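# Close look at the chain arrangement
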Amino acid sequence: MAKKLVVENVSFSYGQRLILQDISFTVEAGEMVGIIGPNGSGKTTLLKIISRLLVPDRGRILIDGKDTASWSPRLLARTVAVVPQETQINFEFTVRDIVEMGRSPYLRRFQAMSKQDQEIVHQAMEATNVLFLAERSMTELSGGERQRVIVARALAQEPEVLLLDEPTASLDINHEAEIFQLLRRLTSEKGLVTIVVLHDLDLAAEYCDQLLLLARGTVEASGSAEEVLRGETLARVYGVDVVVYPNPLTGKPQVHVLVPSHH
Ligand code: ADP
């Protein structure tokens, strides 16, 4: 179980263009942090830096106090699992094949899975409720089922850190809630550090312990949903007038965009 993940003074440029500037935050084990912000604010880039798909120009990523810069790809894959925005999969694979791929950072080349590996795969499928789909081809699944399989593959990696980029972008509200409830539960039960990029501010408020609002590559606000989702802040960052009011059922802030009248 990870104790915490620290993003420390991270800056990154694509060529001459500064994309992220001096980003710092900490996520404790068992916490789910939502990264929000307008298109192009640097959310996906930040996630790629945390997973070391991209190398920051400045700053460090620390897991349990250790700088991940020197880690081997294998050690990284055992520690950090990524659920990308769109998963490119050869869909002829069965669900079980896909989830078993999560074990590859633990196997040597051509080494078969042990009983223990199979048990971990089984548990990952159980936790995400895809066991009953195990022998089905990915082509036969709904978007929600497919996304649960990708989360199962990530869990089979036995990660300490779980990174997700808009994991429910193509799902309806029912399946969206299902995935977020699953993430919430797994984060607590397994003591994961979970970081999720998402667009939906209400969803972010409902499910995340902490929010990080990015705007033009800097942290515009961070903290609880109440601290981050403030009318003035959102108006400034998103360039629209909004009203924020407590959700009548949960008390969490809910954001209503005021559409300018065209009269
Ligand atoms: P977000 O996820 O918040 O929409 P991104 O991190 O995807 O933002 O992008 C941040 C900025 O970096 C955008 O202006 C985008 O155009 C730019 N960008 C993203 N990927 C590349 C790339 N491979 N090369 C150059 N610029 C990029």
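Scroll up to find the structure this text is about.
All figures in this text were calculated on a predicted structure; none of them were measured in a lab.

## A closer look at the packing of aromatic side chains
Per the stated rule, a full pass over the model turns up 2 aromatic pairs. Their ring planes at 85° and their centres at 4.9 Å tell us that Phe-12 and Tyr-14 sit as a pair that is edge-to-face. Residue Phe-12 is classed as buried on the basis of its relative accessible area of 6%. Geometrically, the ring pair formed by Phe-180 and Tyr-207 is tilted, given 5.5 Å between the ring centres and 35° between the ring planes. With Phe-180 in helix H6 (residues 173-190) and Tyr-207 in helix H7 (residues 201-207), this pair connects stretches of sequence that are 27 residues apart. Accessibility expressed as a relative area gives 14% for Tyr-207, which makes it buried. If you follow Arg-103 out to its NZ or CZ, it ends over the ring of Tyr-106, 4.0 Å from the centre.

## Observations concerning the sheet that holds strand S9 (residues 210-215)
Strand pairing in a sheet relies on backbone hydrogen bonds, with the paired strands running either antiparallel or parallel. Reading across the sheet, the 6 strands line up as S6-S7-S8-S3-S9-S10 and stay open at both edges, with mixed pairing between neighbours. Each having just a single partner strand, strand S6 (80-83) and strand S10 (218-223) make up the two edges of the open sheet. For this sheet, the mean inter-axis angle between neighbouring strands, taken without regard to orientation, is 15°. Relative to S9, strand S3 (residues 32-36) runs parallel, the two being bridged by 4 bridges.

## Points about the pattern of salt bridges
Taken as a whole and judged by the stated rule, the model has 10 salt bridges. The partner of Arg-96 in a salt bridge is Glu-135, with the nearest N and O atoms 2.6 Å apart. Residue Arg-96 is located in helix H3 (residues 95-100), and its partner Glu-135 is located in the loop between helix H4 (115-127) and helix H5 (143-156); the two are separated by 39 residues in the primary sequence. Since its relative accessible area comes to 28%, Arg-96 is described here as partly exposed. Where Arg-136 meets Glu-140, a salt bridge forms, and the shortest distance between an N and an O atom there is 2.8 Å. Assessed through its relative accessible area of 46%, Glu-140 is described here as partly exposed.

## Describing the packing of H4 against H5
Remark: H4 packs on H5, axes separated minimally by 8 Å, with the N-to-C direction vectors making an angle of 140°. With respect to each other, H4 and H5 are oriented oblique. Considering only the axes of H4 and H5, their crossing is right-handed. Residues Ile-120, Ala-124, Met-125 and Ala-127 of H4 form the contact with H5, whose own contacting residues are Ala-152, Leu-155 and Ala-156. A class-by-class count of the residues in the contact of H4 with H5 yields 7 nonpolar, no polar and no charged.

Rules behind the numbers
Each chain carries its own residue numbering, running from 1 in the written order of its sequence. Residue-level local features of this predicted model are given only where pLDDT is at least 70; pairs of side-chain atoms are given and counted only at 80 or more, and the full residue set underlies all totals for whole chains, interfaces and linings. Heavy atoms throughout the structure, all of them, feed into the side-chain values; hydrogens and water do not. Stacked, edge-to-face and tilted are the three classes for Phe, Tyr and Trp ring pairs, Trp counted by its six-membered ring, which pair at centre distances within 6.5 Å; planes under 30 degrees apart are stacked, over 60 edge-to-face, the rest tilted. Partly exposed describes any residue whose relative accessible area lies between the buried limit of under 20% and the exposed limit of over 50%, with all areas from a 1.4 Å probe on protein chains only and scaled to the type maximum. Elements are defined by DSSP. Helices are runs of H or I of four residues or more, strands are runs of E of two residues or more, and each kind is numbered from the N terminus. Whether a charge sits over a ring comes down to the Lys NZ or Arg CZ being within 6 Å of the ring centre and within 35 degrees of the ring normal. Pairing between two strands is assigned when DSSP locates at least 2 bridges connecting them. Where helices are involved, their axes are fitted lines through C-alpha atoms of the stretch in contact, as for all axes, and angles between N-to-C directions lie from 0 to 180°. Salt bridge, as applied in this entry: a Lys or Arg side-chain nitrogen positioned within 4 Å of an Asp or Glu carboxyl oxygen. If an angle is under 35 degrees, it is roughly parallel; if it is over 145, roughly antiparallel; if it lies from 65 to 115, roughly perpendicular; otherwise it is oblique. Helix crossings get a hand from a simple test, with the near helix turned counterclockwise from the far one by less than a right angle marking a left-handed crossing and a clockwise turn marking a right-handed one. Whether two residues are in contact is decided by their heavy atoms, any of which lying within 4.5 Å being enough. Here the term charged refers only to Asp, Glu, Lys and Arg, the term nonpolar to Ala, Val, Leu, Ile, Met, Phe, Trp, Tyr, Cys and Pro, and the term polar to all other amino acids, Gly among them.

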